[in-house]
Amino acid sequence: MHRSTNTKALEIEKGRLEGVYIIHLSPLVDERGFFMRAYDTSIMRKAGLEREWVQENHSRNERQGILRGLHFQHPPHAETKLVRCTRGEIFDVFVDLRKGSATFGQWEGVHLSEENKRMVFIPRGFAHGYYTLSPVSEVLYKVDSPYHRESEDGLLWSDPELGIDWPFEQPPILSGKDRQHQTLRQFVAKHKGLENATSD
């Protein structure tokens, strides 16, 4: 089996929001195609990002303009996510809901695509969603807490208080559930913030 000796297989860059990291994958390319290390426990451990991933989910989208989100789970079932787009392109968005965080209520977005080979590490205490930018897209994401239906919740993607700058080329295609999520103000009135959302 071919094994990469590339010491820069995963290059880790801090995001704007505390605890978020953009991870750049580095394929070795030749006339046959490429070989790429998609995860490395030792590199993630050195960066303080190693987790016990308990599930990996795979989402396929067969339309451009689909919006999924913004989703999160309440503690003690809050999730760290490691998100990658393996086909097509998405605009990935995450909103800080950690109680006491200096960036509470702020959002950040990153383009993830088959071409740019980036992943994003999103710590516990964030709402997450994405918008599809290609006719077909596939998204893989690892989580460190299993899905728990009673703990799932969401924020309204179009909440003007969040002010997310979605790169719409057409009105988004949404599930019925995603149309009805709460605003940030409603979330704060009910929950204040997500407690003990640390991944450590």
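For the structure, check the block above.
Computed from a prediction, not measured in an experiment: that's the story for all the values here. (Residues numbered from 1 in each chain as written. Predicted model: local features only at pLDDT ≥ 70, side-chain atom pairs only at ≥ 80, totals over all residues. Heavy atoms only, no water.)

Student: Please give an account of the side chain of Ser145 that cites residues and values.
Tutor: Topologically, Ser145 is positioned in the loop between strand S12 (137-143) and strand S13 (152-154). Engagement of the side chain of Ser145 in a polar contact is seen with the backbone oxygen of His77, the distance being 3.3 Å. When near neighbours in sequence (up to four residues on either side) are disregarded, Ser145 contacts Val54, Gln73, Pro76, His77, Ala78 and Glu79. (Helix = DSSP H or I, 4+ residues; strand = E, 2+ residues; numbered from the N terminus. Polar contact = N/O pair within 3.5 Å; in protein donor to acceptor, adjacent residues only side chain to side chain. Contact = heavy atoms within 4.5 Å.)

Student: Any details on the sheet that holds strand S7 (residues 81-87)? Residues and values, ideally.
Tutor: Pairing in this open sheet of six strands is antiparallel, and the strands run S1-S2-S10-S7-S12-S5 from one edge to the other. Unpaired on one side and paired on the other, strand S1 (10-14) and strand S5 (55-61) mark the two borders of the sheet. Strand after strand, the sheet turns through a mean of 20° between neighbouring axes, direction not considered. Sheet analysis places S7 next to S12, joined by six bridges and oriented antiparallel. Residue pairing in the sheet places Val83 in a bridge with Tyr141 of S12. (Pairing = 2+ DSSP bridges. Axes fitted to C-alpha atoms, helices over the stretch in contact; angles between N-to-C directions.)

Student: Give a detailed account of the pairing of strand S11 (residues 126-132), specifying residues and quantitative values.
Tutor: Most of S11 is tucked away, with seven of its seven residues classed as buried. Burial of S11 is two-sided: the residues Phe126, His128, Tyr130 and Thr132 facing one way and the residues Ala127, Gly129 and Tyr131 facing the other way are all buried. Both strand S6 (residues 67-73) and S11 contribute to a ladder of three bridges, which runs antiparallel. Across the sheet, residue His71 finds its bridge partner in S11, namely His128. Sheet topology places strand S8 (residues 89-96) next to S11; seven bridges connect them, and they run antiparallel. Directly across from Phe94, in S11, lies its bridge partner His128. (Buried < 20%, exposed > 50% of the residue type's maximum accessible area, 1.4 Å probe, protein only.)

Student: Any details on the pattern of salt bridges? Residues and values, ideally.
Tutor: For side chains bearing opposite charge, pairing can occur when the charged atoms are close. Taken as a whole, this structure holds eleven salt bridges when the rule is applied. We note a salt bridge from Arg60 to Glu138, for which the minimum N-O separation is 2.6 Å. Here Arg60, found in strand S5, pairs with Glu138, found in strand S12; they are 78 residues apart in sequence, far enough to count as distant. Relative accessible area serves as the criterion here: at 14%, Glu138 is assigned to the buried category. In this structure, the salt-bridge partner of Arg98 is Asp96, at a minimum N-O distance of 2.9 Å. An identical accessibility class is assigned to Arg98 and Asp96; each is buried. Salt bridges sharing common partners tie together Arg60, Glu62 and Glu138. (Salt bridge = Lys/Arg side-chain N within 4 Å of Asp/Glu carboxyl O.)

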